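Single-letter residue listing:
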Amino acid sequence: MAEESQKWVLMVTAQTPTNIAVIKYWGKRDENLILAINDSISVTLDPAHLCTTTTVAVSPAFNQDRMWLNGKEISLSGGRYQNCLREIRARANDVEDEKRGIKIVKKDWENLHVHIASYNNFPTAAGLASSAAGFACLVYSLAKLMNVQEDNGKLSAIARQGSGSACRSLYGGFVKWVMGKEENGSDSVAVQLVDEKHWDELVIIIAVVSSRQKETSSTSGMLETVETSALIEHRAKEIVPKRIIQMEEAIQKRDFATFTHLTCADSNQFHAVCLDTSPPIFYMNDTSHRIISCVEKWNRSEGTPQVAYTFDAGPNAVLIARNRTSAALLLQRLLFHFPPNSETDLNSYVIGDKSILKDAGIQEIKDVEALPPPPEIKDKVPVQKCKGEISYFICTRPGRGPVLISDESQALLNPYTGLPK
Ligand SMILES: Nc1ncnc2c1ncn2[C@@H]1O[C@H](COP(=O)(O)OP(=O)(O)OP(=O)(O)O)[C@@H](O)[C@H]1O
Ligand SMILES: C[C@@](O)(CCOP(=O)(O)OP(=O)(O)O)CC(=O)O
């Protein structure tokens, strides 16, 4: 280590996407290593709309590992953070910054401490998979800082130990988490099925459902399911393996009808095993059910599916439309059924890729008010409008995997002090 200049701070900043499973992970065979009881498949969401940015720094001046999440210091003492930090440190290599005269040799990493600052550009712990983007970004940025020479597949096995779903955020496009067979989890890794350009006409609309409900965390929920549900074993052993094969084929062929059938069926089965848990776990609420019925009615009336729905451990709907035209028609339907509260402006009600709103012919609130009932419900009275049940919509698309951010102005830590800016 360059003893003469004890004050240097070396930093790396990275950005990592979140992901939504279309074949769900639910249930572990090892709680500590986070090993799943079935394979899962997800789509990575465009980091332009939902992502984590993390800056990691090392300096001989730091006397302990510290982390700030969304500006607030949090403890790193939890087992999941410790497992990720230990696994990354064990793979660290020599790092040299010749210009600044900094040299860290492999064994120095055992004694050097890190500072971590992370920011989610979407609500944390709100059922939008912040832990997935968060742990993927933590592992990816630390690996770059410490010159870890492993590919993203190997890094995914470390991110997995932070949160299972995080392993799938190491890649863009469609990603499979292979559950693996090894007891030490070395073969429980993420693999990219196709990149984000393969099926780029898909449009994703997330309905963030207003909810004051206290939810059961995914971690404890899936543990209770494995312990008490009679259905979960059948799902993991018989149903999911077949669906994984079919889903991979549907993705390769861009077969939207099969994709929709599998995505909706798997989401519904995941919620069915939650209901089969004792005590039962309710993640979806009445609003979620209303969204399902709106989509089901529309898909049925069209003959060919226009949109797939999937729900994680919460009431929020993730709706995957076959193309921009279907996405615009979907948004019209969603805004018809779920108009914003009078105090909410349209600009903050539909966020992300607002061009979908334009395609839907909606520029202002009066355009929402003027929306006619969708034809598939026209003759069925009374038409139900549920004002204020949705907090907001995020329009996005499949996106890329992690990237390094070289623009230092975007770093979250001060380059001289290593403390949050
Ligand atoms: N940017 C981040 N960096 C590191 N850890 C994070 C980050 N964001 C979230 N986390 C961790 O994830 C936890 C939140 O995970 P939790 O599973 O409760 O919510 P979620 O992932 O947003 O929702 P869900 O899993 O239901 O989709 C936080 O308490 C924190 O420990
Ligand atoms: C419903 C899910 O979103 C469950 C995600 O569970 P987590 O990855 O959050 O759980 P832990 O591994 O205990 O951290 C489905 C999925 O993402 O596959």
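For the structure itself, consult the block above.
Residues numbered from 1 in each chain as written. Chains lettered and ligands numbered in written order. Predicted model: local features only at pLDDT ≥ 70, side-chain atom pairs only at ≥ 80, totals over all residues. Heavy atoms only, no water.

Asks: Can you explain the site of ligand 2? Please cite residues and give values.
Replies: Around ligand 2, the surrounding shell holds 18 residues, and the nearest of these are Tyr25, Lys28, Arg80, Ser163 and Ser165. In this structure, an oxygen atom belonging to ligand 2 sits 2.7 Å away from a main-chain N or O atom of Gly164. Burial of ligand 2 by the protein chains amounts to 94% of its free accessible area of 450 Å². The greatest single-element share of the shell around ligand 2, amounting to 3 residues, is contributed by helix α4 (residues 218–228). A breakdown of the residues in the shell around ligand 2 according to their chemical character gives 7 nonpolar, 6 polar and 5 charged. (Near = heavy atom within 4 Å. Polar contact = N/O pair within 3.5 Å; in protein donor to acceptor, adjacent residues only side chain to side chain. Areas by Shrake-Rupley, 256 points an atom, 1.4 Å probe, with all protein chains shown as cover. Helix = DSSP H or I, 4+ residues; strand = E, 2+ residues; numbered from the N terminus. Nonpolar A, V, L, I, M, F, W, Y, C, P; charged D, E, K, R; others polar.)

Asks: Which residues make up the pattern of salt bridges, and what values go with them?
Replies: Considering all chains together, one arrives at 22 salt bridges under this definition. A salt bridge links Arg235 to Asp266, with the shortest nitrogen-to-oxygen separation between them at 2.8 Å. Note that Arg235 is positioned in helix α5 (residues 232–253) and Asp266 in helix α6 (residues 256–275), a separation of 31 residues in sequence. Of the residues examined, Arg235 reaches a relative accessible area of 1% and is grouped as buried. Through salt bridges that share partners, Asp46, Arg324, Asp353, Asp359 and Arg397 make up one connected network. (Salt bridge = Lys/Arg side-chain N within 4 Å of Asp/Glu carboxyl O. Buried < 20%, exposed > 50% of the residue type's maximum accessible area, 1.4 Å probe, protein only.)

Asks: Now, about the site of ligand 1: what can you tell me, with residues and values included?
Replies: Of all residues adjacent to ligand 1, which total 16 residues, the nearest are Tyr81, Ser118, Asn120, Ser130 and Ser131. Here Tyr81 contributes a side-chain N or O atom positioned 2.8 Å from a nitrogen atom of ligand 1. Contact between ligand 1 and Asn120: a nitrogen atom at 2.9 Å from a side-chain N or O atom of the residue. Protein burial of ligand 1: of its 630 Å² of free accessible surface, 77% is covered by the chains. Of all the secondary structure elements, the ones that give two or more residues to the shell around ligand 1 are β7 (66–69), β11 (113–120) and α2 (130–145). A total of 3 residues in the shell around ligand 1 trace back to one element, the largest contributor, which is α2. Residues that form the shell around ligand 1 fall into these classes: 7 nonpolar, 9 polar and no charged.

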